[in-house]
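Analysis of the macromolecular model
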Amino acid sequence: MTYDEIIRTAVKALEYSGNESPEYEVRELTKHFFGVSRRDLYAVRNKQADSKTENAFFEAVRKRSEGYPLQYILGSWTFMDCELEVGEGVLIPRDDTEVCVRAFREMLNVSSPVIIDLCSGSGAIAVSLARSYPDAEIFAAELSDDAFTYLERNVRSNGAEAIVRTLKGDISELYQQFEDGFFDGIISNPPYIRTEELPHLQKEVQCEPAMALDGGTDGLMFYRIICEKWLPKLKKGGIVSFETGEDQGAQVCSLLEKSGAANVRIVKDISGLDRTVTAVMQ
Ligand SMILES: C[S@@+](CC[C@H](N)C(=O)[O-])C[C@H]1O[C@@H](n2cnc3c(N)ncnc32)[C@H](O)[C@@H]1O
């Protein structure tokens, strides 16, 4: 088939499956499989594509039509200008998380900050903070074996080894390694979906690890752990920034207030939904 025919067939297949941005996704897949970018496409449109690559491309289109995430097919994704390797076993970094990172950066005003990213996954937060704070010491804690492998690779591939220290383990135990008052900032996008909602999530999200999503019966399990075990690890005046679900802002605020945090505030995303809660330790 020519590139033109391939692209038209693939767009139709994705459209038929209900995909919301078939042209964009086919462009990404074309670049990934054939190395042909949007700019080059016009010049090659009537050329025959390599048939082996064509088979692999259409296999990916088939998987994508069945709801397999585009990001897992491409094997990498961009978060705040950082290129991150992703695949099965690790949560795909979301644009929503930028709200949490930006709010954290706006509040942090110390030099050489000591920071921890709890439930770090691919390392999206830790790696992007390393770029903003080259003089920081950033810890990144993650329990899942698969996610931890991606985390370590992403720290290396983004040249952040001198800044980010990866910690493998359960955040309900790792806190014991640190003295009280150790950190200037805690940031976390923990699992926050209620367990009963997991089977009803969209197909793409169901391909992601349950461990990255499941926040327990009320979705708040990890916020409780962090408030109880980790807030004492903040210095006086230290800051915390949590990503939250769109209906969890008030509950997370209340957990933080009960733990003695001050200036507790909800930050909304561009759609006006609760997306982040920040606070300061007094
Ligand atoms: C919602 S994902 C967030 C990943 C990443 N921070 C991001 O924003 O893309 C939550 C992460 O927490 C990890 N996790 C789940 N339980 C954990 C635990 N008890 N201790 C440490 N990490 C845990 C999951 O494996 C997953 O990578």
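Report on the accompanying structure. It should be emphasised that the depicted structure is a prediction, and the values quoted were computed from it without experimental measurement.

1. Considerations on the overall build of the protein chain
- Across its full length, the protein chain holds 12 helices and 9 strands.
- Projecting the C-alpha coordinates of the protein chain onto the three principal axes gives extents of approximately 65 × 40 × 30 Å.
- Within the protein chain, buried positions represent 41% of all 282 residues.
- Across the protein chain, the fraction of contacts at a sequence separation of at least 24, relative to all contacts at a separation of at least 6, is 66%.

2. Some thoughts on the environment of alanine 212
- Position of alanine 212 relative to the elements: it lies in the loop between helix H10 (203-206) and helix H11 (221-230).
- With 23 residues separating them along the chain, alanine 212 and asparagine 189 place their C-alpha atoms 9.6 Å apart.
- Excluding anything up to four places from it in sequence, alanine 212 contacts Leu91, Gly121 and Pro191.

3. Quick look at the site of the ligand
- Near the ligand lie 22 residues; those nearest to it are Cys119, Gly121, Leu143, Asn189 and Ala212.
- Mapped onto the shell around the ligand, the elements with two or more residues apiece are helix H7 (124-132), strand E4 (137-142) and helix H9 (171-174).
- For the shell around the ligand, the class distribution of residues is 13 nonpolar, 7 polar and 2 charged.

4. Let's talk about the nonpolar core
- Ranked by size, the top nonpolar core spans 63 residues in total, and within it Val127, Ala130, Ile138, Val164 and Ile186 carry the most contacts.
- Ranked by residue count, the leading element in this core is H7, at 6 residues.
- Every residue in contact with valine 164, bar those within four places of it in the chain, is listed here: Ala126, Val127, Ala130, Ile138, Ala140 and Val155.
- Counting 14 residues, the second-largest nonpolar core is a separate cluster that includes Ile7, Leu29, Phe34 and Ala49.

5. Notes on the environment of threonine 244
- Along the chain, the position of threonine 244 falls in the loop between strand E7 (234-243) and helix H12 (249-258).
- With near-sequence residues (within four places) excluded, threonine 244 lies in contact with Tyr192, Gly249, Val252, Asp274, Arg275, Thr276 and Val277.

What counts, and at which threshold
- Residues numbered from 1 in each chain as written.
- Predicted model: local features only at pLDDT ≥ 70, side-chain atom pairs only at ≥ 80, totals over all residues.
- Helix = DSSP H or I, 4+ residues; strand = E, 2+ residues; numbered from the N terminus.
- Buried ≥ 20, exposed ≤ 12 C-beta atoms within 10 Å, placed from the backbone.
- Contact = placed C-beta atoms within 7 Å.
- Near = placed C-beta within 6 Å.
- Nonpolar A, V, L, I, M, F, W, Y, C, P; charged D, E, K, R; others polar.
- Core = buried A, V, L, I, M, F, W, Y, C linked by C-beta atoms within 7 Å.

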